[in-house]
Amino acid sequence: MKKLVFIILSIFLFFSISNITSAENKEWYLEKLLDLNYWIEDYKFSINDLNYVSFYNSQSQKMYDNFRTADKMLKDELLKKYRSWEIDYYKMNWIVTNYNLFVYHTNKMFNYLSIKEVRSDFKELDSAILKNYELARTYYSRSKLLILK
């Protein structure tokens, strides 16, 4: 009787251990349902989205529209690489932080440019445009360096 109980417990223990080790490689249902592994970075990217700005100058409007398109494509591509584990967690968080700062300052720059288009006599905007352009360039360089590493 003891041998039978021991054999049953051994078999049960053997199969339960093998299920635990194979379960480590699979996503659990709640992780998939709530997108726990990736949703936060996706949300952080969407926080600093570009505001819609309209320009009277068609060249400025085209440049802005192209930037919005490129921004969306880059964010989608980065998230796709992150979901396929080509980018690790820590690197992705640094990319998100720097890229969001890039988008923030670019957004401010475009807003100031649209105001400058309407009120060309507002001279303080020149320094604000330049400052935000320099900051956007800095954060873009940091993001690019992180992505290429």
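Note that the structure is a prediction, hence the values are computed from the model and not measured.

**Some words on the overall build of the chain**
Looking only at helices and strands, the chain has six helices and zero strands in total. Its helices and strands in sequence order give the chain the pattern α-α-α-α-α-α, from N to C terminus. Among the 149 residues that make up the chain, the fraction classed as buried is 28%. In the chain, of all internal contacts separated by at least 6 residues, the share reaching a separation of at least 24 is 65%.

**What to know about the packing of aromatic side chains**
Scanning the entire structure with this criterion turns up 10 aromatic pairs. With a centroid separation of 6.2 Å and an interplanar angle of 70°, the aromatic rings of Phe 55 and Phe 110 are classed as edge-to-face. Residue Phe 55 is located in the loop between α3 (39–47) and α4 (58–83), and its partner Phe 110 is located in helix α5 (residues 89–118); the two are separated by 55 residues in the primary sequence. Here Phe 110 falls in the buried class, since its relative accessible area comes to 3%. For the ring pair Phe 67 and Phe 102, a centre distance of 5.7 Å and an interplane angle of 70° mean the geometry is edge-to-face.

**Description of the layout of surface pockets**
By volume, the largest pocket is sized at about 260 Å³. Lining the largest pocket are Met 63, Phe 67, Phe 102, Thr 106, Met 109, Phe 110, Leu 113, Tyr 133, Ala 136, Arg 137 and Tyr 140. Contributing elements (two or more residues each) for the lining of the largest pocket: α4, α5 and α6 (124–148). Computed from the structure, the second largest pocket encloses a volume of approximately 180 Å³.

**Focus on the side chain of Thr 106**
Looking at the secondary structure, you find Thr 106 in helix α5. Look at Thr 106 and you get buried, because its relative accessible area is 4%. At 2.7 Å, the side chain of Thr 106 and the backbone oxygen of Phe 102 are in polar contact. Contacts of Thr 106, omitting those with residues within four sequence positions, involve Phe 67 and Ala 136.

Reading the values: the criteria
- Residues numbered from 1 in each chain as written.
- Predicted model: local features only at pLDDT ≥ 70, side-chain atom pairs only at ≥ 80, totals over all residues.
- Heavy atoms only, no water.
- Helix = DSSP H or I, 4+ residues; strand = E, 2+ residues; numbered from the N terminus.
- Buried < 20%, exposed > 50% of the residue type's maximum accessible area, 1.4 Å probe, protein only.
- Contact = heavy atoms within 4.5 Å.
- Phe/Tyr/Trp six-rings, centres within 6.5 Å; stacked < 30°, edge-to-face > 60°.
- 1 Å grid on protein atoms, 1.4 Å probe; cavity = no way out; pocket = protein on both sides within 12 Å on 5 of 7 lines; lining within 4 Å.
- Points joined across faces, edges and corners; volume = space filled by probe spheres on them.
- Polar contact = N/O pair within 3.5 Å; in protein donor to acceptor, adjacent residues only side chain to side chain.

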